[in-house]
Amino acid sequence: MNKTVEVLPDQPALVARALDLILSKLETAIQQRGQFTIALSGGSTPKPLYEAIGNQKLAWDKIHVFWGDERYVAPDHPDSNELMARRAWLDRVPIPAANIHAVPTLSANPAVDAAKYEQHLQEFFHSAPGNFPALDVVLLGMGDDAHTASLFPHTEALKVGDRLITVGNKDSSQRITFTYPFINAARSVIFLAAGANKRPALAQVFAPEADDFTYPSRLIKPQGELLWLLDAAAGLELKP
């Protein structure tokens, strides 16, 4: 794992840096493999990034979009990560509908839909069960409890090591989420974290020793590169 931590002056600078990184990785992936695969995160921090990507002129037919996690709500629900990304980016560009790989959430059974998404991923990547295909970029956020995707502290999802997708739980609400080994198969994982409220969690995530099940972002150790992009408020105590 090649880990880099960058502290940017503010959120606009964080978004600009993330955009530069993604565009560079997109260009490389298309040159080398003919397509670019990215998994999106939810939350407020990446929304301006999605808007910025939507303003680019890109080879949309070669870009495939997935989601690292999704709330178990309908795609048109205000809490849907898919809806946020569509409004900010995907509905504004001529990306083929077949290139948008949304999480299924309509069977009334999260476990069934998690298995359906896993099967879709295996078919897309021509990957046998038990193998973990490599996305080009997985975008992640981190909550002030150090959760990432829908991998929450002390939940069963953290124990799943043999599947790509599982059911995540936050209090009484269920989610569908990438497992940490699937995230770790990525060529590049980019965390975006902003705000002073993230500092206590970051201190534990970056500590030499702490409990992975209390601070789930510690489990993210990709085979490729790991990039932490922080704004000054989040990264204040991490500056050299």
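Residues numbered from 1 in each chain as written. Predicted model: local features only at pLDDT ≥ 70, side-chain atom pairs only at ≥ 80, totals over all residues. Heavy atoms only, no water.

## With respect to the packing of aromatic side chains
Point 1. Summed over all chains, the structure comprises eight aromatic pairs.
Point 2. The interplanar angle of 50° and the centroid separation of 6.4 Å between the aromatic rings of tryptophan 60 and tryptophan 89 together place this pair among those described as tilted. A residue pair is termed long-range when its members are at least 10 positions apart, and tryptophan 60 in the loop between helix H2 (47-54) and strand E3 (63-67) and tryptophan 89 in the loop between helix H3 (81-88) and helix H4 (110-125) qualify at 29 residues. The pair formed by tryptophan 60 and tryptophan 89 is uniform in burial state, with each residue classed as buried.
Point 3. For the ring pair phenylalanine 206 and tryptophan 228, a centre distance of 5.0 Å and an interplane angle of 85° mean the geometry is edge-to-face. One end of the pair, phenylalanine 206, is in the loop between helix H6 (199-205) and strand E9 (225-231); the other, tryptophan 228, is in strand E9, and 22 residues separate them in sequence. Like tryptophan 228, phenylalanine 206 is buried.
Point 4. Among the aromatic residues, those joined into a ring-pair cluster are Tyr50, Trp60 and Trp89. (Phe/Tyr/Trp six-rings, centres within 6.5 Å; stacked < 30°, edge-to-face > 60°. Helix = DSSP H or I, 4+ residues; strand = E, 2+ residues; numbered from the N terminus. Buried < 20%, exposed > 50% of the residue type's maximum accessible area, 1.4 Å probe, protein only.)

## Quick word on the nonpolar core
Point 1. Core analysis: the biggest nonpolar cluster contains 74 residues, and Leu49 and Trp89 have the highest contact counts within it.
Point 2. With nine residues, helix H1 (residues 11-33) is the single largest residue contributor to this core.
Point 3. Filtering out sequence-adjacent residues up to four positions away, leucine 49 remains in contact with Val15, Ala18, Leu19, Ile22, Leu139 and Leu192. (Core = buried A, V, L, I, M, F, W, Y, C linked by side-chain atoms within 4.5 Å. Contact = heavy atoms within 4.5 Å.)

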